[in-house]
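Remarks on the overall topology
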Amino acid sequence: MMAEAGAGGPRLAELLALGRRLWDELEASTEPSSGAPAVQDKVRQGLDALQRAAAMVAELELFSENEELEEIASADLKFMLLPALLGALMLKQVDFSRRREHLEGAREHFLCFLKLCRNYGLGSFQLLSGTSGEEEARSPSTPRDPAQPNLVAMAMSRTAKIERYKQKKELENKLASMSSAVESGTADEDQIREFYILQIQKWIGTSLEEIESIDQELVILRSRDAAKQAPAGPRGPSRPARTPVKPFILTRDAAQARVFGAGYPGLPTMTVDDWYEQRRRQGVVSQQGFGEPGSLPCPSTPAGASDEELQKQQQETEEEEDDEKALQKARDWDDWKDTHPRGYGNRHNMG
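You'll find the protein entered in an unreviewed UniProt entry as IGBP1 protein, with Nicator chloris given as the organism. As its UniProt record puts it under Sequence similarities (unreviewed entry), the protein is described as follows: "Belongs to the IGBP1/TAP42 family."

Right, dumping it as structure tokens:
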């Protein structure tokens, strides 16, 4: 295995180094938007380099489930990071129409990395218990048994998050103190091995955090997609829009219209005849029965009555009910009360 890795090592190492360098530049970028062309160009280049490197690792069969961590060459340990780096770069893509696809792809890469680390005894995280490897890596869209602990059960614990944060800071400090010696080539094999194992442990914590975040976002996206695909509820036939009717005071005759008009100058007045004739022209009321639903009923009249008969009948009713003289008398009485206070006539009986 080491001979094959050594034969393909230079090219494989260059691809990994390119992907790592682009990732570091993206993390330190000061671009105001992750969707900037320069940012997305680096994301595409990094993904291309790492995907080619991952294909070479698979072809070389660099890692196996049947071997122990001690059997892996120190220089080959760094290639275990390929799935985690691929997942991290996939999350930096900003095509919203493919966001769910990118999230699920990144999740699969993080899972692949965590399973690889578990096989070699690296890290202290939890995977699904009592299930096969295929079930552990199933899509997050598949419902999970709520009674079973999932892969990120430890990440969901607040205590575990605090502990993982402390460990992350310690790992970063150790890596910073060792990086110069490893990069300059002055470190011995034990230091190189420790350096790469520390990097792997750091990315284990990062992968757990990213999977938790991905699962939360996928729940939101699935709810949104389900809402879009839900059939619209049955709707009844739409009713035609009605022309708004302006408020007015309905009076029996012109005399009342003059009286009420003087008291309510803001509202127009009309007689019953005017109102009925206007509604008849608009087609709202008919000569028989009722108009459209919601309109006022027409006066009950014999079937087949003409307009002239209706008007004659209404005029006779108005003559019986209204009397101009009675109205004038009422007005005179009101005027008299304005000039004669109450009890005025009783003063003649005073002794």
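Now that the structure is up, let's keep going.
A tally of regular secondary structure across the protein gives 11 helices and 2 strands. Along the protein, from the amino end to the carboxyl end, the secondary structure elements read α-α-α-α-α-α-α-β-α-β-α-α-α. Counting across all 351 residues of the protein, residues that qualify as buried make up 32%. Sequence-distant contacts, at least 24 apart, represent 64% of the contacts inside the protein between residues at least 6 apart. Surface accessibility of the protein: about 23,000 Å² in total, with carbon and sulfur atoms responsible for 52%.

In this section: a negative patch on the surface. A cluster of acidic residues, D188, E189, D190 and E194, forms a negative patch on the protein surface. Locating D188 in the fold gives a position in the loop between α6 (158-184) and α7 (189-229).

Here we take up the packing of helix α4 (residues 99-119) against α7. Contact geometry of α4 with α7 gives a least axis separation of 9 Å together with a crossing angle of 150°. Between α4 and α7, the angle falls in the class roughly antiparallel. For α4 against α7, the interelement crossing comes out left-handed. For the contact of α4 with α7, a count of residues per class yields 15 nonpolar, 1 polar and 9 charged.

This part covers the nonpolar core. The nonpolar side chains of a soluble globular protein tend to be buried with one another. Counting residues in each nonpolar core, the largest one holds 57 residues, and the members touching the most others are F63, M80, F113 and L122. For this core, the elements supplying multiple residues, two or more each, are α1 (2-27), α2 (37-60), α3 (82-90), α4, α6 and α7. Tallying contributions element by element places α7 first for this core, with 12 residues. Contacts of F113, omitting those with residues within four sequence positions, involve M80, L81, P83, A84, I200, W203, I204 and S207.

This part covers the packing of aromatic side chains. Scanning all chains against the criterion turns up 3 aromatic pairs. Ring geometry for W23 against W203: centres 5.7 Å apart, planes inclined by 55°, an arrangement best described as tilted. Of this pair, W23 sits in helix α1 while W203 sits in helix α7, and the two are 180 residues apart along the sequence. Across the pair, W203 and W23 agree in class, each one buried.

Turning to the pattern of salt bridges, a few remarks are in order. Close approach of charged atoms allows side chains of opposite charge to pair. Scanning the model with the defined rule gives 12 salt bridges in all. The shortest N-O distance in the salt bridge between E104 and R100 comes to 3.3 Å. Of this pair, E104 and R100 both sit in helix α4, separated by 4 residues, roughly a single helical turn. Taking relative accessible area as the criterion, E104 reaches 22% and is therefore assigned partly exposed. For the salt bridge of D215 with R107, the shortest nitrogen-to-oxygen distance reads 2.7 Å. Taken as a pair, D215 in helix α7 and R107 in helix α4 lie far apart in primary sequence, 108 residues in all. Of the two residues, D215 and R107, neither departs from the other in class, the shared state being buried. Residues joined by salt bridges that share partners form a network here, namely R100, E104, R224 and D225.

The element α3 is extensively covered by neighbouring structure, given that 9 of its 9 residues are classed as buried. All buried positions along α3 are accounted for by L82, P83, A84, L85, L86, G87, A88, L89 and M90.

This paragraph deals with the packing of α3 against α4. Contact geometry for α3 and α4: axes closest at 7 Å, N-to-C directions at 160°. With respect to their mutual orientation, α3 and α4 come out roughly antiparallel. In the packing of α3 onto α4, the handedness of the crossing is left-handed. Here α3 contributes P83, A84, L86, G87, A88 and M90 to the contact with α4, which in turn contributes H102, G105, A106, H109, F110, C112 and F113. The residue makeup of the contact of α3 with α4, split by class, is 9 nonpolar, 4 polar and no charged.

Rules behind the numbers
Residues numbered from 1 in each chain as written. Predicted model: local features only at pLDDT ≥ 70, side-chain atom pairs only at ≥ 80, totals over all residues. Heavy atoms only, no water. UniProt positions renumbered as here; feature names shortened; annotations may be inferred. Helix = DSSP H or I, 4+ residues; strand = E, 2+ residues; numbered from the N terminus. Buried < 20%, exposed > 50% of the residue type's maximum accessible area, 1.4 Å probe, protein only. Contact = heavy atoms within 4.5 Å. Areas by Shrake-Rupley, 256 points an atom, 1.4 Å probe, with all protein chains shown as cover. Patch = residues over 30% accessible without salt bridge, like charges linked within 9 Å, V, L, I, M, F, W, Y side chains within 5 Å. Salt bridge = Lys/Arg side-chain N within 4 Å of Asp/Glu carboxyl O. Lys, Arg positive; Asp, Glu negative; His and termini not counted. Charge placed at Lys NZ, Arg CZ, Asp CG, Glu CD. Axes fitted to C-alpha atoms, helices over the stretch in contact; angles between N-to-C directions. Parallel < 35°, antiparallel > 145°, perpendicular 65-115°, else oblique. Left-handed = near helix turned anticlockwise from the far one by under 90°. Nonpolar A, V, L, I, M, F, W, Y, C, P; charged D, E, K, R; others polar. Core = buried A, V, L, I, M, F, W, Y, C linked by side-chain atoms within 4.5 Å. Phe/Tyr/Trp six-rings, centres within 6.5 Å; stacked < 30°, edge-to-face > 60°.

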